[in-house]
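So the chains spell out like this:
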Amino acid sequence: KDGALSLTLRTRTRSAAESERFLMNFEQTEWQAKKTAIVICDMWNDHYCRNAARRVAEMAPRMNRVISAARQRGVLIIHCPSGCLDKYRDTPQRKLAQQAPVVKTEIPLRSWCHLDAKHEAKLPVVQTSPCEDQKPRPAVRFFTHQIKTLEIHEGDAITDSAEAFYLMEQRGIDNVIVMGVHTNMCVLGRPFSIRQLKYQGKNVVLMRDMTDSMYNPAQAPYVSHFNGTELVIEHIEKYWCPTITSADILGGEPFRFPRDKRPRAVLVIGEKLYETGESLPRFAIDQLGKDFHIDVVHANPAKPHEFPGLETLATADVLILSVRRRALSERQMRLIRGHIDQGKPVVALRTSSHAFGARGEIPAGHVQWEEFDSELLGGDYTGHFANDKHPRVTLDKSSSSHAILAGIRGDAPWTSPNSLYKSTLIAKSKPLAWGAIAGQPRQPVAWVRQSQKDGRVFYTSLGGPGDFANDNFRLLLRNGVYWAAGLETPGTLHQPEKPAKKAADQGGGC
C-alpha cells in the first residue's frame, strides 16, 4: 500500500553460541516509507573492469524501476556516486545533502569502514586481483558520473560522505535500503553504507539482487563470479544485516543477470552422525561452485524437526538431501513433496534412506514419510552391518558407461571407512556401485532411478566424513549432482587453475 513497504527479510543466525553454522530464515516486516531511505552506492557510468561495468549497466534498468516506485511511496532516494560529485556541484540534489546539519556521534563517522575483526569473520572471497577481464585496463578512474539509466529527481539527494547520515537524522529516517556496487568493497565500507550505518544504529537491509561483487573466479574460493557475490551477501546476512530483493518493491521475480544460467541446488541437512553439516557445504563450494547456485538449509539444533529457510526449496532445480529421522511440519513436508511432484531431481546421501521416519515423540503438527526410501529413492533400507566392518566399493560392470561413473576407474576399488548399509533395490532402480564385507552378500551403495513424476533420483549410502576425503566418492557425488540436474557430467574433480594469492590484510575496525 502507498506509504508503506512490506518486506521479506532474509536473515542468518548462529545455530549455537559458539557455532559457525548459521540458520537461514525469512521474516516479514513493514517499514514506513517516510522513515526510509534508499542509498545507491557507486553505480558509475564506467569502470576499469569492463565486466563490472557491463553488470552495472545490466541491472540499472531494474534498479531505476525500484527507486521510482519507492520514491512514489515517499522513500528518500540518496544517490552516492563516490568521487565524481563535481558533476553535480550546482544541482539542488547536491545542495540538499550539503545543507543537513552535522550530527555529533558516539562512534566517529569515518571516510571508510574497514573489515571489523571483532564483529565479523574475514570476507569469503580473495580480492587481491578482483577483475576477471581477460585483458584488464589500468586500475584507474574511468567513471565520471552515475550511470544515466538511474534517474535523479527533485527531492533526491546526492552525496558520497557522512552527509547521507546527517540528512537521515534531519529527516527522522531510521530505515535504510542499500543497493549498488561492489558488495565486498564499497557497499560495506563507504561512509554512507552498511558498516557505517549499522554503527550509527540504523535499521539497514541490503537489496541482494541489486548488487554485484568485485570477484575474480581465478582466486579463492574458485567459484563462479555470481557465487562469489552470493558468498559475500551471506557474509553480510551473518554479521551485519538482513537482505531483501527488488521483488519486495516491484513484485514478480528478483533480478538475475543475463549470464547467470546456474541451476539452483538446495542442500537440506539434518543429521549428526556423519558431520555432513560441515562436509557437504564444503564439498558444494569446492565441486559445484563453478556451475550451481548453492543454498544451504540446516535443521535447527534446538528444534531438530524444523528446517529454517526451507522456503528456498520452492525455487530449487535440484534437492541435495542429507537428513536422518526427522518429522517435518506439514508446511515443510509440502515443500519437499512439491519439489518431487514437479518432477525435479533429488540427490540423497546415506541416512536420507530414513530421512523422514522419526523415532520417539513427534511434535504436534509434524508428519513422517516412512516410505520415502521405497517410494522415491528406490531402495529398502533395513539397517547396517557392524561399524568396524568397512566395505570394499566396486563399480557395477553393467553400468560402466553411465554418466555418473565417468572418470572413475572400474579396476580400482576403494574402501569406505563407514559401516555398510543393508539395502534391497526395488523395481527400476539401476545399481552403479556395490559394497562388500567378508562373509556377507554385497549391497548396493549407489544407484539411480526415475521418480513417479519422471524426476531424476541419485542415491548413495556412502557419505561419512572419511568418504568425503576420497576422490572416487567426491567424483561420484559431483557427477551425480550434474547428472540429476540434466547437465553433462564433468568426469573430473574441480581443481583450481591457479594457487590462491595471499589475501591483503583485511583487519581493523571502522
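As the structure is a computational prediction, the values presented were derived from the model and not from experiment. All residue numbers here refer to positions counted from 1 along the written sequence of the relevant chain. The model is predicted, so local features are restricted to residues of pLDDT at least 70 and side-chain atom pairs to those at 80 or more, both for listing and for counting; the totals for chains, interfaces and linings are taken over all residues. Neither water nor hydrogens contribute to the side-chain values; these are computed over all heavy atoms in the structure.

Caption draft 1: Structural view of the confidence of the model for the protein. Counting all residues, the mean pLDDT for the protein is 95, and 97% of those residues have values of 70 or more. Predicted confidence for residues 499–510 stays below pLDDT 50, and this span has 30 contacts to residues more than four positions away or in other chains. Here pLDDT means the predictor's own confidence in every residue, given as a number from 0 to 100. Throughout, a residue-residue contact means that at least one pair of heavy atoms, one from each residue, lies within 4.5 Å.

Caption draft 2: A look at the nonpolar core. Judged by nonpolar contacts, the single largest core of 42 residues is most densely connected at Val 39, Ile 78, Met 168, Val 178, Ile 194, Ile 236 and Trp 240. Once residues lying within four places of it in the same chain are set aside, the contact partners of Val 39 are Ile 78, Cys 80, Met 168, Val 176, Ile 177, Val 178, Met 179 and Phe 192. As used in this record, nonpolar core signifies buried Ala, Val, Leu, Ile, Met, Phe, Trp, Tyr and Cys residues forming a set joined through side-chain atoms within 4.5 Å. Under the scheme applied here, a residue whose accessible area is under 20% of the maximum for its type counts as buried, over 50% as exposed, and between as partly exposed, the area being computed with a 1.4 Å probe on protein chains only. Leu 288, Leu 395, Leu 462 and Phe 473 belong to the second-largest nonpolar core, a separate cluster that totals 40 residues.

Caption draft 3: View of the sheet that holds strand β16 (residues 392–395). The strand order β10-β9-β11-β13-β21-β20-β19-β16-β17 describes an open sheet built from nine strands, whose pairing is mixed. With one partner strand each, in any of the chains shown, β10 (293–298) and β17 (414–415) form the two edges of the open sheet. For two strands to be treated as a pair, DSSP must find at least two bridges joining them. In DSSP terms, a helix is any run of H or I states spanning at least four residues, a strand is any run of E spanning at least two, and both are numbered starting from the N terminus. Bridge count between strand β19 (residues 430–436) and strand β20 (residues 443–450): five bridges; the pairing is antiparallel. Within β20, the position partnered with Pro 431 by the bridge is Trp 447.

Caption draft 4: Region of interest: the packing of aromatic side chains. Two rings from Phe, Tyr or Trp (for Trp, the six-membered ring) form a pair when their centres are within 6.5 Å of each other. A pair whose planes differ by under 30 degrees is stacked, one over 60 is edge-to-face, and the rest are tilted. For the structure on display, the rule yields 13 aromatic pairs. Geometrically, the ring pair formed by Trp 447 and Tyr 459 is tilted, given 4.8 Å between the ring centres and 50° between the ring planes. Taken as a pair, Trp 447 in strand β20 and Tyr 459 in strand β21 (residues 456–460) lie far apart in primary sequence, twelve residues in all. Like Trp 447, the residue Tyr 459 is buried in the burial classification. By the ring-pair criterion, three or more aromatic residues cluster together here, those being Phe 226, Phe 255 and Phe 257. Remark: a charge is flagged as sitting over a ring if the NZ atom of Lys or the CZ atom of Arg is within 6 Å of the ring centre and within 35 degrees of the ring normal. For Arg 137, the ring lying beneath its charged end belongs to Phe 142, and the centroid distance is 4.0 Å.

Caption draft 5: Representation of unusual backbone geometry within the structure. With omega at -5°, the peptide bond leading from Val 181 into His 182 counts as cis. With respect to the helices, strands and loops of the structure, His 182 is situated in the loop between β6 (175–181) and α4 (186–189). Here the amide bond leading from Ala 220 into Pro 221 is cis, since omega sits at 10°, within 30 degrees of zero. Looking at the secondary structure, you find Pro 221 in the loop between β7 (203–212) and α6 (225–239). A positive phi is found at Glu 275, a non-glycine position, where the angle reads about 60°. Tracing the chain through its elements places Glu 275 in the loop between β9 (264–270) and α8 (276–288). If you check the backbone angles, Arg 350 has positive phi at about 30° while not being a glycine. Note on placement: Arg 350 falls in the loop between β13 (346–349) and β14 (366–367).

Caption draft 6: Expanded view of the environment of Leu 475. Take Leu 475: it is sitting in helix α12 (residues 471–484). Owing to a relative accessible area of 6%, Leu 475 belongs among the buried residues under this scheme. Put simply, Leu 475 and Pro 490 are 15 residues apart on the chain and 8.6 Å apart in space, counted from C-alpha to C-alpha. Those residues in contact with Leu 475, other than ones at most four positions away along the chain, are Ala 406, Gly 407, Ile 408, Gly 491, Thr 492 and Leu 493.

Caption draft 7: View of the state of the cysteines. Disulfide: a pair of cysteine sulfur atoms within 2.5 Å of each other. A full pass over the atoms with the stated rule returns one disulfide. Disulfide pairing is shown between Cys 49 and Cys 131; the S-S distance is 2.4 Å. Its S-S torsion of about 85° marks the bond between Cys 49 and Cys 131 as right-handed, since a negative value means left-handed. Pair noted here: Cys 49 is in the loop between β3 (36–41) and α1 (50–73) and Cys 131 is in the loop between α2 (92–98) and β5 (157–158), with a separation of 82 residues, a long-range link. Classification of Cys 49 by relative accessible area gives buried; the value is 0%.

Caption draft 8: Structural view of helix α3 (residues 163–171). Those residues of α3 lying buried are Glu 163, Ala 164, Phe 165, Tyr 166, Leu 167 and Met 168. Its buried side turned inward, α3 meets β3, β4 (76–80), α2, β5, β6 and α5 (194–199). One or two steps after α3, the chain reaches Gly 172, where phi turns positive at roughly 70°.

Caption draft 9: Geometry of α12. Spanning 14 residues, α12 covers 20 Å between terminal C-alpha atoms, matching the ideal 20 Å at 1.5 Å per step. Burial runs high along α12: twelve of the 14 residues are buried. Among all positions of α12, only Phe 473, Arg 474, Leu 475, Leu 476, Leu 477, Arg 478, Asn 479, Gly 480, Val 481, Tyr 482, Trp 483 and Ala 484 are buried. Contacts described as polar in this section are N or O atom pairs within 3.5 Å, which, within protein, must combine one atom able to donate a hydrogen with one able to accept it, while residues neighboring in sequence count only if both atoms come from side chains. Where α12 begins, the side chain of Asn 470 points an oxygen toward the backbone nitrogen of Asn 472, at a separation of 2.8 Å. Positive backbone phi, approximately 80°, marks Gly 486, located one or two places after α12. To estimate how far a helix should extend, the number of its residues minus one is multiplied by 1.5 Å.

Caption draft 10: Representation of the pairing of β3. Counting buried residues along β3, six of its six residues qualify, which places the element largely inside the surrounding structure. Burial of β3 is two-sided: the residues Thr 36, Ile 38 and Ile 40 facing one way and the residues Ala 37, Val 39 and Cys 41 facing the other way are all buried. Bridge count between β3 and β6: six bridges; the pairing is parallel. Paired with Cys 41 across the strands is Gly 180, a residue of β6. Judged from the five bridges that link them, β3 and β4 form a sheet pairing that is parallel. Looking at the pairing, Ile 38 lines up with Ile 77 of β4. With respect to chirality, the unit in which β3 leads through α1 into the neighbouring parallel β4 is right-handed. If you view a crossover with the strands going away from you and the path from the first strand over the helix to the second runs clockwise, you call it right-handed.

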